[in-house]
2 protein chains.
Amino acid sequence: MSLDLDALRAFVKVAELLSFTRAAEQLGAPKARVSEQVRRLERDVGSVLFTRTTRAVRLTSDGEAFLVRARRLALEADELETMFATSRALRGRVRIDLPVNIACDLVIPRLAELHAEYPGLALQVSTTDRIVDVVREGFDAVVRVGALRDSELTATRIGELTMVNCASPEYVRTHGRPRTPADLDGHVLVHYSAAFGVEAPELEWVEAGRVRSRRLHCIVTVNSADAFRAACIAGLGIAQLPWLGAERHVREGRLVELLPRFRAPPLPVTLLHPHGRSAPRRVRVVLDWLTAVLSPHVTV
Amino acid sequence: MSLDLDALRAFVKVAELLSFTRAAEQLGAPKARVSEQVRRLERDVGSVLFTRTTRAVRLTSDGEAFLVRARRLALEADELETMFATSRALRGRVRIDLPVNIACDLVIPRLAELHAEYPGLALQVSTTDRIVDVVREGFDAVVRVGALRDSELTATRIGELTMVNCASPEYVRTHGRPRTPADLDGHVLVHYSAAFGVEAPELEWVEAGRVRSRRLHCIVTVNSADAFRAACIAGLGIAQLPWLGAERHVREGRLVELLPRFRAPPLPVTLLHPHGRSAPRRVRVVLDWLTAVLSPHVTV
DNA sequence: ACGGACTGTCACGTAGAATCGGACAATGTC
DNA sequence: GACATTGTCCGATTCTACGTGACAGTCCGT
């Protein structure tokens, strides 16, 4: 007789993903249920919300209008459900995506603390360096390093990663230690390219407040941060690495920093999430925690 | 697993009335259900919303905070449920209260039209001249004639009733026809007093923009509009009647108007409802209809 | 043009939950 | 202190939402 909130949430998910199947996956429910829930919802409100061809789903104009309000209602309902939930009682699933090295070095080691405080939270941590589609894959939070393009997401700048120029001691012995960028003739660069695109291998640095760059020869191109560092340690050239990941290796003598006064511009670290300024509480908790965990390691 | 909207509505009603029994009555549900729903709600949100002594119910501070948001959520949910409901599909119960004569003369004769347009609406029409407690008795709309005191309700002025001075032809034959208030020596007033209070029987009129009054002798005091008119027709004195109810009797010769240039100040007609500016749709429909029905009969 | 894979829906037996009426203990009132 | 009233508990009953599996329709690539 009365509106069903679960059905409403199902509708919102389907409307966002434009797919019953994917919505069902993300909701952790069988397709049949989602289908039935939306059917019931349509019967209850007395309007057809989707036009279904067996192959594609589209919102009707009624559906569009309904979605706006349904979203808000679902959010407020979530708020109400959790307004008295202590941290121990907070439950739900939160799906996040992190760059591999940030995940392995910073986040995963401290995940136990988060679990201890919020035992009801089920965290799904995806680690990948490729650009994921936040809404399509249903992520609640994504940490991005570097410039970003998406604009429909809420972005919070956490800080930035200091970049250092590194090479192996072996490499320095062979190629010499440059003192200024002018000394780079004959040097080799390890090239990082996420998509093996056509970008030319360049070394960047900041000089007098300006970003300058110089094209260098390169032997190897990689597409993962781990391989990038490994190649540098192997003496395959100079690499511009985040200090965060390079520090240990410099300390332990596997890498040395070059041209310390000509570092590349720092990479911005950003926290993205698809919910507006007011996310569900379980998500907010994770966002805050991520910020707290990452902040000490990124210079503001 | 998810918040139950029916339970939420039950909670709101109980919180407003501070009684499970009365809430159950107004919701048209057995007490046991309301009790169980609220119990479930408390379990779901993880907090105790009421302090119950078997004799009295009070909101906890958590309950207070919850009520505010719960109200808003229930309202938005209602909005969502009815946003595509055609007039034929709109359903629900609306409880209104009207002065007896307005109900009998204007509203009830046209109730069939409302039903024809909104067959799903169940209207509960209470007719009474006493002042009802709008929230306590769960009215969705109340029409008041005359000055009003409540302020926590939303009030819409519909118009005002023209008042005329009437007497029976028999009375005029006996007592003479006054031309000005100064001629009223020896005349008799029929007195209306809702609560048989101590107000003195006075005849009021507007003269040069000022309200003036003159105390007169009276034989009978009544507390209902019908009895008031009946007393006047019976020749028991002059009565200050709304033209609306007196017109027919004047036309048919049972009453005559006296002192037409010294009429009493018109009585304001007001539509009250307890919902904020945004009432549920089924209520809004009735409010609009009442306004449309009453407007032509009340000069603005 | 046509197989193939994927989409959303349907069927139906089942399990769990909400519901109802009535009885009960507790409490404020006269 | 007796009474009336309040909110809750109890048991059987009814419903309805669910899951599994199979199905028909449609778009894609070749």
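Described below are features of the structure shown in this document. (Residues numbered from 1 in each chain as written. Chains lettered and ligands numbered in written order. Predicted model: local features only at pLDDT ≥ 70, side-chain atom pairs only at ≥ 80, totals over all residues. Heavy atoms only, no water.)

### Points about the protein's contact with DNA strand C
Next, step 1: Around DNA strand C, the structure places 17 residues, and the nearest of them are Thr21, Ser35, Arg39 and Arg52 of chain A together with Arg33 of chain B.
Next, step 2: Sugar plus phosphate, as a fraction of atoms of DNA strand C within 4 Å of the protein: 84%.
Next, step 3: Lys31 of chain A places a side-chain nitrogen or oxygen 3.1 Å from a base nitrogen of DNA strand C.
Next, step 4: At 2.3 Å from a phosphate oxygen of DNA strand C is found a side-chain nitrogen or oxygen belonging to Arg52 of chain A.
Next, step 5: Those elements that place two or more of their residues in the surface near DNA strand C are α2 (20-27) and α3 (31-45) of chain A together with α3 (31-45) of chain B.
Next, step 6: In terms of residue count, the dominant contributor to the surface near DNA strand C is α3 of chain A (four residues). (Near = heavy atom within 4 Å. Polar contact = N/O pair within 3.5 Å; in protein donor to acceptor, adjacent residues only side chain to side chain. Helix = DSSP H or I, 4+ residues; strand = E, 2+ residues; numbered from the N terminus.)

### Examining the sheet that holds strand β13 (residues 256-258) of chain A
Strand pairing in a sheet takes place through backbone hydrogen bonds and is either antiparallel or parallel in direction.
All names here are of chain A.
Next, step 1: Pairing is antiparallel in the open sheet, where three strands are placed in the order β12-β7-β13. Here the strands that pair on one side only, and so sit at the sheet edges, are β12 (239-242) and β13. Taking each pair of neighbouring strands and ignoring which way they run, the sheet shows an average axis angle of 55°.
Next, step 2: One ladder, built from three bridges, connects strand β7 (residues 163-167) with β13; its direction is antiparallel. Bridge pairing in β13 links Ala167 to Val256.
Next, step 3: Sheet strands in contact with helix α8 (residues 225-233) are β7 and β12, and its direction is about 130° off that of β12.
Next, step 4: Seen against the sheet, helix α9 (residues 243-251) touches β7 and β12 and runs at an angle of roughly 105° to β12. (Pairing = 2+ DSSP bridges. Axes fitted to C-alpha atoms, helices over the stretch in contact; angles between N-to-C directions. Contact = heavy atoms within 4.5 Å.)

### Things to note about the protein's contact with DNA strand D
Next, step 1: Close to DNA strand D lie 18 residues; Arg33 of chain A together with Thr21, Ser35, Arg39 and Arg52 of chain B are nearest.
Next, step 2: What you see for DNA strand D is that sugar and phosphate hold 76% of its atoms within 4 Å of the protein.
Next, step 3: Between a phosphate oxygen of DNA strand D and a main-chain N or O atom of Phe20 of chain B, the distance comes to 3.0 Å.
Next, step 4: Secondary-structure elements contributing two or more residues to the surface near DNA strand D are α3 of chain A together with α2 (20-27) and α3 of chain B.
Next, step 5: Broken down by class, the residue content of the surface near DNA strand D amounts to five nonpolar, six polar and seven charged. (Nonpolar A, V, L, I, M, F, W, Y, C, P; charged D, E, K, R; others polar.)

Without other data, these values stay purely geometric and don't point to any function.
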